[in-house]
Amino acid sequence: MSSNSACETWLPEDELQLHIERDETIVFASSSGHCNLDCSYCIISPIAKHQPSLSYDDLRFVLDQLNGRVFMIFSGTGDFFAAQRRDDLLLTRLLEDPRLSVALDINGVVVHCIDTLPAEALARIRQVNLTLHYRQLVDHNALRHWQRNALMLLQRLEPVVCVNMILSAPEQAVWEPALEWYEANVHRESPKPLHLIQDVNRPLTAADDNVIAHLQQRFGSMIRSVRRGSFAQVFEPFDYVTCPAGQEYFRIWHDGRIQACPNVPELHDCGHAKERRFAPRTAPLDCHDARHCDCYHIASAGKMVFHRAGHNPASR
Ligand code: SF4
Ligand code: SF4
């Protein structure tokens, strides 16, 4: 088998999967250089603190370089809202562009704009990944902020909100108290189930598995799924892919760097949002390293061609 249309059938149906339209340019924007939490399992090391962030004008520059519809996925270095002031109105101003849809990956401690967005703009927020970092919320005395923001998000955007909690083995002792708190303070008022996601860097033990089984039994349908595994598994059946990195997919960093793909060194320099440079690629790339989160989302948008030895490549 070698076909991009097959992609949509072999990628698992998944509530957490981003819904990307075929005619949209995908821009992963790690726009924030600051996070207000200090999670022990954060994959950004050191955790981003008071680094440069992308302004409205920086993101406007990128949008102006792209034709047609754009899907910006705000996820990465810091927390999207933590680096902004409320009166920046960053999200409100961005969503004034009708070509733009967004997804947000947030920790929920600070949330701006969403409570006042008009319905038309609200409809172009396609996904909100809201993570409950319980231990950090306790340590930062932020549980009440998170509760208020979670309930507001669920009231305005419930169908597209995914609530997540990270299962990191060293924090096993707080898994159950975290779920108890969520049940009493959010789920009781707005019955949104949550996804438990394994810490990618710390394997779970048999004892951890027993605890997870207990939690599933105790909390029942409040736990929508327990996610393990990696994006790499999805690509294992294929030898290489043809990828639109630098044409229909970009990654922008909080300091302004624009990359066609952060995982392929020769694709690292594709411009700079703060220097107002943009140099997209003119041809797709045959890539043998498809195994990352971004690859998965590009594939799920039907934008890749998959190749296997002995099979003819399919046209896109
Ligand atoms: S909220 Fe996210 S970015 Fe911030 S420290 Fe925790 S895992 Fe890292
Ligand atoms: S690593 Fe993934 S996103 Fe980057 S060029 Fe390869 S397939 Fe595309």
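Just so we're clear, the structure is a prediction, and the values are computed from it rather than from any experiment. (Residues numbered from 1 in each chain as written. Chains lettered and ligands numbered in written order. Predicted model: local features only at pLDDT ≥ 70, side-chain atom pairs only at ≥ 80, totals over all residues.)

Side note on the site of ligand 1
Item 1. Around ligand 1 sit Cys35, Leu37, Asp38, Cys39, Cys42, Ile44, Ile47, Gly78, Asp79, Asn107 and His133, and that is every residue in its neighbourhood.
Item 2. Its residues placed into classes, the shell around ligand 1 shows six nonpolar, three polar and two charged. (Near = placed C-beta within 6 Å. Nonpolar A, V, L, I, M, F, W, Y, C, P; charged D, E, K, R; others polar.)

Some points on the sheet that holds strand β13 (residues 285–287)
Item 1. Within the open sheet, the three strands sit side by side as β13-β8-β14. Their pairing is antiparallel. Because the sheet does not close on itself, it has two edges, and the strands there are β13 and β14 (305–307). Mean inter-strand twist for the sheet, computed between neighbouring axes without regard to direction, equals 25°.
Item 2. Judged from the three bridges that link them, strand β8 (residues 240–243) and β14 form a sheet pairing that is antiparallel. The residue of β14 that forms the bridge with Tyr240 is His307. (Pairing = 2+ DSSP bridges. Helix = DSSP H or I, 4+ residues; strand = E, 2+ residues; numbered from the N terminus. Axes fitted to C-alpha atoms, helices over the stretch in contact; angles between N-to-C directions.)

Observations regarding the pairing of strand β3 (residues 100–106)
Item 1. A large share of β3 lies buried, amounting to five of its seven residues.
Item 2. One ladder, built from five bridges, connects strand β2 (residues 70–74) with β3; its direction is parallel. Note that in β3 the partner of Phe74 across the bridge is Leu104.
Item 3. Both β3 and strand β4 (residues 125–131) contribute to a ladder of five bridges, which runs parallel. The partner of Val102 across the bridge, within β4, is Ile125. (Buried ≥ 20, exposed ≤ 12 C-beta atoms within 10 Å, placed from the backbone.)

Looking at the site of ligand 2
Item 1. Taken together, 14 residues lie near ligand 2, and Cys243, Cys261, Cys287, Ala290 and Cys295 sit nearest.
Item 2. Here the shell around ligand 2 takes three residues from helix α10 (residues 293–300), the largest share from any one element.
Item 3. When the residues that make up the shell around ligand 2 are grouped by side-chain class, the tally is 10 nonpolar, two polar and two charged.

Things to note about the pairing of strand β9 (residues 249–253)
Item 1. In terms of burial, β9 is largely enclosed, as five of its five residues are buried.
Item 2. Here β9 shows no split at all, with Tyr249, Arg251 and Trp253 on one side and Phe250 and Ile252 on the other all buried.
Item 3. In the sheet, strand β1 (residues 25–30) pairs with β9 via five bridges, with the strands oriented parallel. Looking at the pairing, Ala29 lines up with Ile252 of β9.
Item 4. In terms of strand pairing, β9 meets strand β10 (residues 258–259) through two bridges, oriented antiparallel. By the bridge assignment for β10, Arg251 is matched with Gln259.
Item 5. The antiparallel hairpin formed by β9 and β10 contains four residues in its connecting segment, where Gly256 sits at a positive phi of about 110°.

What about the packing of helix α6 (residues 143–157) against helix α7 (residues 172–187)?
Item 1. Between α6 and α7, whose axes approach to 10 Å, the crossing angle comes to 50°. Relative to α7, the element α6 is oriented oblique. Read as a crossing pair, α6 and α7 show a hand that is right-handed. In this structure, α6 uses Leu143, Gln147, Ala150 and Leu151 to contact α7, whose residues at the interface are Trp181, Asn185 and Val186. (Parallel < 35°, antiparallel > 145°, perpendicular 65-115°, else oblique. Left-handed = near helix turned anticlockwise from the far one by under 90°. Contact = placed C-beta atoms within 7 Å.)

Topic: the sheet that holds β3
Item 1. Reading across the sheet, the nine strands line up as β7-β6-β5-β4-β3-β2-β1-β9-β10 and stay open at both edges, with mixed pairing between neighbours. Looking at strand neighbours, the two that pair on one side only are β7 (223–227) and β10, the edges of this open sheet.
Item 2. On the sheet, α6 packs against β4 and β5 (161–167) and is oriented at approximately 155° with respect to β4.

Quick notes on the packing of α7 against helix α8 (residues 206–219)
Item 1. Relative orientation of the contacting elements α7 and α8 amounts to 15°, with a least axis distance of 10 Å. The angle between α7 and α8 falls in the class roughly parallel. Between α7 and α8 lies a crossing of right-handed hand. For the pair formed by α7 and α8, the contact residues are Gln172, Trp175, Glu176, Leu179 and Glu183 on the first element and Asp208, Val211, Leu215 and Phe219 on the second.
Item 2. Residues of the contact of α7 with α8, tallied by class, amount to five nonpolar, one polar and three charged.

Description of the confidence of the model for the chain
Interpretation of the predicted coordinates at a detailed level should be avoided for regions scoring low in pLDDT.
Item 1. For the chain, per-residue confidence averages 91 on the pLDDT scale, and 92% of positions sit at 70 or higher.
Item 2. Below a pLDDT of 50 lies the segment residues 1–11, which in the model reaches 27 contacts outside its immediate sequence neighbourhood of four places, other chains included. (pLDDT = per-residue confidence, 0-100.)

Comments concerning the nonpolar core
Item 1. Of all hydrophobic cores here, the largest spans 74 residues; its most connected members are Ile26, Val27, Ala29, Phe74, Leu104, Ile252 and Ile298.
Item 2. By residue number, the principal contributor to this core is α7, which donates five residues. (Core = buried A, V, L, I, M, F, W, Y, C linked by C-beta atoms within 7 Å.)

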